[in-house]
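# Structural overview for review
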Amino acid sequence: MTLSANERARYQRHLSLREIGAEGQEKLKAARVLIVGAGGLGSPAALYLAAAGCGTLGLVDFDRVDVSNLQRQVLFDTAALEQPKAEAGRARLAALNPEIRVVAHALELKAANVRALLADYDLVVDGSDRLSTRYLVNDACVLLGRPLISAAIHRFEGQLATYVPGRGPCYRCLFPQAADGMVANCAEAGVLGVLPGVLGTLQATEAIKLITGVGTPLVGRLLTYDALELRFQEFRVERRRDCAVCGEAPTITEPRDPPAPGPQAAPDGVRRLTPRALQALLAPGAGATPPLIDVREPWEYDTGHLPEAVNIPLGELPQRMAEIPRAAGAVFICRSGGRSMRACLLALQAGVASPANLEGGMTAWAGEVDPTMPVA
Amino acid sequence: MSCTVRIASPLHSYTAGASRVEGRGATLAEVLGDLEQRFPGIRFRMIDEQDRIRPHMRLFINSQEARELTTPVRGGDTVHVICALSGG
């Protein structure tokens, strides 16, 4: 794939690098990279890969641009508010570099579409914000033999690894299993805006290295970054012989969606309460009101909470467990149901009888019961 | 035997925000038991009821992964608690 005069001018600084040169730039032009998640990580990764002349870039995201995204998602500006991210991102990248082809995939990745989508790309950059998507992408990459450059962030901390099927471990070798709700996401925990800028540009760096064949990729190594201490650390990660997807006797041979949430998803001893069921419990004449424990951070609680709810942030719960009546069927509440489920598990462990989790948290309460309830 | 323990950010709520704490013990199990004394509830986030490391948590001693709680910890080692992160 030869370079045009325009391209030679645009990529002059790459052409001057002996390690890249015209040959490397032509490989970049021929490369097809799929970016999963046009968020904090996907934004800088996409911008730098577009600027670098990556010939085909796919952007997968089914969300729309929200004002709270703009603190870190530098692919979008204020004028893009409410637009589909995949399309707004495509327009921004096309404006940055008209020499490349950008494809907007405004869809939710599912087991049913992931194979067909990945088939058109050589390499995947994962910056999604759900563990279920991370496993789906990993499994599809292993099954289709696609390299995967994966990063994740939380508050001031980031992780990065490159997985090349057949050459090292996969994401499941590192974390065999995890469920959304066990780990707080950015919306719940907050994130330093510039943090995904560091990790996303490292993902773009790894992509360019893999495409051009220069340097040593981050295979078999996990890189962690602590922004508060400005510290990078590296850990060796081995392939697991018993890995469910890349091991010797794989049990995952097709991409699969996570199990739909159902009554079986709640651990033994934890009751699940829908917003409507909680409303019925709180109705006048329904009997004694159970203790309501709101485990969100104080600033979230102050934005809006149920009048009966007491605020014990999740982090303080182990020390303040004595405040919770043991036999009254305490109900735990958070923003979307993840932290409150962890609170239920801690309460069970501390001897609280049949704690209940408000499914979907205050977000679901506002959606199904009280639309006037402000939720931070 | 004293070591340094670096705590993944999703568990900082147990350590009053500290990302680095001191640990004592000759094995990983002893170090985690020591942490549990001072930071109640933190061990359960890493280790399940069958004493297995939870599949979304990884423990490293210096840069090497420790898959067993019997793994020895030497004075001056750093134990790293790493958690699967979902944010993007």
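This text follows the structure it describes.
Residues numbered from 1 in each chain as written. Chains lettered and ligands numbered in written order. Predicted model: local features only at pLDDT ≥ 70, side-chain atom pairs only at ≥ 80, totals over all residues.

### Overview of the interface of chain A and chain B
For clarity, the cut-off: We call two residues in contact when their backbone-placed C-beta atoms lie within 7 Å. Counting from the N terminus, the helices are DSSP H or I runs at least four residues long and the strands are E runs at least two residues long. In this classification, Asp, Glu, Lys and Arg are treated as charged, Ala, Val, Leu, Ile, Met, Phe, Trp, Tyr, Cys and Pro as nonpolar, and every other residue, Gly included, as polar.
Across the contact, 42 residues belong to chain A and 23 residues belong to chain B. Secondary structure elements with two or more residues in the side of chain A that touches chain B: β5 (148-154), β6 (157-163), β7 (221-226), β8 (231-236), α13 (317-320) and α14 (338-349) of chain A. Grouping the amino acids of the side of chain A that touches chain B by side-chain chemistry returns 19 nonpolar, 14 polar and nine charged.

### Concerning the sheet that holds strand β1 (residues 32-36) of chain A
All names here are of chain A. The criterion, for reference: Two strands are said to pair when DSSP picks up at least two bridges between them. Lines fitted to C-alpha atoms define the axes here, with helix axes fitted over just the stretch in contact, and angles between the N-to-C directions of these axes take values from 0 to 180 degrees.
An order of β3-β2-β1-β4-β5-β6-β7-β8 is seen for the eight strands of this open sheet, with the pairing classed as mixed. The outermost strands of the open sheet, each flanked by one partner alone, are β3 (101-105) and β8. Neighbour-to-neighbour, the strand axes of the sheet open up by a mean angle of 15°, direction not taken into account. Summarising the sheet, strand β4 (residues 123-126) and β5 pair through three bridges and their orientation is parallel. By the bridge assignment for β5, Asp126 is matched with Ser150.

### Quick notes on helix α1 (residues 28-38) of chain B
All names here are of chain B. Note the threshold: In this scheme the burial state of a residue depends on its C-beta neighbours within 10 Å: 20 or more other such atoms mean buried, 12 or fewer mean exposed, and anything in between means partly exposed; the C-beta positions come from the backbone. To obtain the arc, one takes the directions from the helix axis to the C-beta atoms.
Buried within α1 are the following residues: Leu28, Val31, Leu32 and Leu35. Taken around the axis of α1, the buried residues stretch over an arc of 95°, which confines them to a single face. In this structure, the buried residues of α1 make contact with β1 (2-6), β2 (20-24), α2 (42-46), β3 (57-61) and β5 (78-83).

### A closer look at the environment of Leu358 of chain A
All names here are of chain A. With respect to the secondary-structure elements, Leu358 resides in strand β13 (residues 356-358). For Leu358, a count of 27 C-beta atoms within 10 Å gives the class buried. Put simply, Leu358 and Phe332 are 26 residues apart on the chain and 6.3 Å apart in space, counted from C-alpha to C-alpha. Setting aside residues up to four positions removed in sequence, Leu358 forms contacts with Leu273, Pro275, Leu278, Val331, Phe332, Ile333, Gly337, Ser340 and Trp365.

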